[in-house]
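Below, each chain spelled out in residue letters.
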Amino acid sequence: LFKIYNVAVGGWNTERSTMVLHYDLLPEEMANPDIIINAHSTNEMHQNTIKEAQERNQSHWDAAFFMTQTFIRTVLKTKCMHRVDDEHHVDDDPPPLLLYFDDYLGNEQRGILNLTTASQSTYILAKYYGIGYVSYADVVRDIVFRNTREKIFRPEGWYDN
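Residues numbered from 1 in each chain as written. Predicted model: local features only at pLDDT ≥ 70, side-chain atom pairs only at ≥ 80, totals over all residues. Heavy atoms only, no water.

1. Focus: the sheet that holds strand β4 (residues 97-102)
- Across the sheet, three strands lie side by side as β1-β4-β5; this open sheet has parallel pairing. Each edge of the sheet is formed by a strand with only one pairing partner; in this case those strands are β1 (35-38) and β5 (132-135). Taken over all neighbouring pairs, the strand axes of this sheet differ in orientation by 20° on average, direction set aside.
- Bridge count between β4 and β5: four bridges; the pairing is parallel. When the bridges of β5 are listed, F101 appears paired with V134.
- Along the sheet face, helix α7 (residues 136-145) touches β4 and β5 and points at about 15° away from the line of β5. (Pairing = 2+ DSSP bridges. Helix = DSSP H or I, 4+ residues; strand = E, 2+ residues; numbered from the N terminus. Axes fitted to C-alpha atoms, helices over the stretch in contact; angles between N-to-C directions. Contact = heavy atoms within 4.5 Å.)

Now the structure itself:
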């Protein structure tokens, strides 16, 4: 049937995963995956990712778009090259099926555009490249944030309406 390998690393964003694919750093038993699920949405919105974008004089939206597009293009080239006896060979296998999973609800940014920066760029690129995109966050955000007086999901000092 199939095997599932979880190569997730806590705190990584799409940029770091692109390097793993680009430099063929997956362990041998995980090489040439048939499906890749990118679920970095929370880390794309992390303050470290935002600071890295600022250090490169990029807006967060531009950085997220560039990171995501680079990852998609890397994945689309992945299956064309594979290792055999420490040599790279080209074959006609299709690239892996790429799926994006957005689970970032947000509560750090106080604006709708800031809150959805990474998911906007990913959605646009998913439509353009014809890859899968699922947003758990879009489904449940209204439910989670409906009660503006709750204390569990909002940070201290949040708006008291």
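From this point, things continue past the structure.
2. Let's talk about the pairing of β4
- Side chains L98, Y100 and D102 of β4 all project onto a buried face; the interleaved residues L97, L99 and F101 project onto a face where none is buried.
- Taken together, the four bridges between β1 and β4 define a ladder with parallel strand orientation. Bridging across to β4, I37 finds its partner in L99. (Buried < 20%, exposed > 50% of the residue type's maximum accessible area, 1.4 Å probe, protein only.)

3. A short note on empty space enclosed by the protein
- Here the structure, examined in full by the defined rule, presents one cavity of 30 Å³ or more.
- Looking at the largest cavity, its volume works out to about 80 Å³.
- What lines the largest cavity is a set of 13 residues, among which N38, S41, E44, Y100 and T122 lie closest to the centre.
- If you list the elements that add at least two residues to the lining of the largest cavity, you get α2 (41-44), β4 and α6 (117-129).
- Class assignment for the residues of the lining of the largest cavity results in four nonpolar, seven polar and two charged. (1 Å grid on protein atoms, 1.4 Å probe; cavity = no way out; pocket = protein on both sides within 12 Å on 5 of 7 lines; lining within 4 Å. Points joined across faces, edges and corners; volume = space filled by probe spheres on them. Nonpolar A, V, L, I, M, F, W, Y, C, P; charged D, E, K, R; others polar.)

4. Observations concerning the packing of helix α3 (residues 47-55) against helix α4 (residues 60-78)
- α4 packs onto α3 with a crossing angle of 100° between their chain directions and a minimal axis gap of 9 Å. Comparing their axes, α4 and α3 come out roughly perpendicular. Contact with α3, carried on its side by T49, I50 and A53, involves H60, A63 and M67 of α4 and no other residues of that element. (Parallel < 35°, antiparallel > 145°, perpendicular 65-115°, else oblique.)

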